[in-house]
Amino acid sequence: DTAVSQTPKYLVTQMGNDKSIKCEQNLGHDTMYWYKQDSKKFLKIMFSYNNKELIINETVPNRFSPKSPDKAHLNLHINSLELGDSAVYFCASSQGVVAFFGQGTRLTVV
Amino acid sequence: AQSVTQPDIHITVSEGASLELRCNYSYGATPYLFWYVQSPGQGLQLLLKYFSGDTLVQGIKGFEAEFKRSQSSFNLRKPSVHWSDAAEYFCAVADYGGSQGNLIFGKGTKLSVKP
């Protein structure tokens, strides 16, 4: 009964590939987020969606495209992967300001 | 601009000793403050939050934090640390723009516990 679940947990891929990370929440929250945690453990928001609409889009390369088919899902698609995209990506959801996070997806680009 | 500073990158305490992790924030309005913990290879778990009211808030796993507006601080404390508390701890403030907020995180403090 995981509240916020992401798949896959680990993703190793070559430079130039396109990959997707999926996120689902069963908390009934209206808002979902993607955060990136870099190699120094620093966490920064990438996107925020509310009821399937994009609310926040931080300075992120346009190779990153979030897609929200419904308010329980927020997927992250990344085109033309680069070495610098290697990081842990966290999905989160909230109703208001209290955010609940998924387990993270460790993306390694080789 | 809003920001969160965790001055200590790494702290080591002995099991059973008390713990205080420091957090300072910069935010124009009344802050919504949080502490999250990340165990190795795990996601982020909410320890506690402060919105308003009593400035001493209790959280899970025996943690507490005190909000001090005059010092712009929200330090996390635990009276007696257990080996299982070894993890990375993140302080965050909600950037409550619009009708939803995103979180601005500090850079984290890694806690090591020695036997």
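Everything here concerns the structure above.
Described below are features of the structure shown in this document.

What counts, and at which threshold
- Residues numbered from 1 in each chain as written.
- Chains lettered and ligands numbered in written order.
- Predicted model: local features only at pLDDT ≥ 70, side-chain atom pairs only at ≥ 80, totals over all residues.
- Heavy atoms only, no water.
- Helix = DSSP H or I, 4+ residues; strand = E, 2+ residues; numbered from the N terminus.
- Rg over C-alpha atoms; globule rule 2.2 N^0.38 Å.
- Core = buried A, V, L, I, M, F, W, Y, C linked by side-chain atoms within 4.5 Å.
- Buried < 20%, exposed > 50% of the residue type's maximum accessible area, 1.4 Å probe, protein only.
- Phe/Tyr/Trp six-rings, centres within 6.5 Å; stacked < 30°, edge-to-face > 60°.

**With respect to the overall build of chain B**
When you go through chain B residue by residue, the secondary structure sums to zero helices and twelve strands. In chain B, the order of α-helices and β-strands from amino to carboxyl end is β-β-β-β-β-β-β-β-β-β-β-β. Its C-alpha atoms give chain B a radius of gyration of 14 Å, near enough to 13 Å, the size a compact globule of 115 residues would have. Each of the three principal axes of chain B carries a C-alpha extent, and together these read 45 × 30 × 25 Å.

**Some remarks on the nonpolar core**
All names here are of chain B. One finds Leu19, Trp35, Leu47, Leu48, Phe74, Leu76 and Tyr89 to be the most contacted residues of the largest nonpolar core, which totals 28 residues. When contributions to this core are tallied by element, the ones reaching two or more residues are strand E2 (10–14), strand E3 (19–21), strand E5 (33–38), strand E6 (44–50), strand E8 (64–68), strand E9 (73–78), strand E10 (87–95) and strand E12 (109–114). No other element matches E10, which puts four residues into this core. Counting 21 residues, the second largest nonpolar core, distinct from the first, contains Leu46, Ala92, Leu103 and Phe105.

**A look at the packing of aromatic side chains**
Counting across every chain of the model gives 16 aromatic pairs over all chains. On the basis of an interplanar angle of 35° and a centroid distance of 6.2 Å, the ring pair of A:Phe64 and A:Tyr89 is categorised as tilted. Placement of A:Phe64 in strand E7 (residues 64–70) and of A:Tyr89 in strand E9 (residues 87–94) is noted, with a sequence separation of 25 residues between them. Assigned by exposure class, A:Phe64 and A:Tyr89 land together as buried. Ring geometry for B:Tyr36 versus B:Phe105: centroids 6.0 Å apart, planes at 55°, classification tilted. With a gap of 69 residues between them, B:Tyr36 in strand E5 and B:Phe105 in strand E11 (residues 102–105) connect regions that are remote in the sequence. Neither residue differs from the other here; B:Tyr36 and B:Phe105 are each classed as buried.

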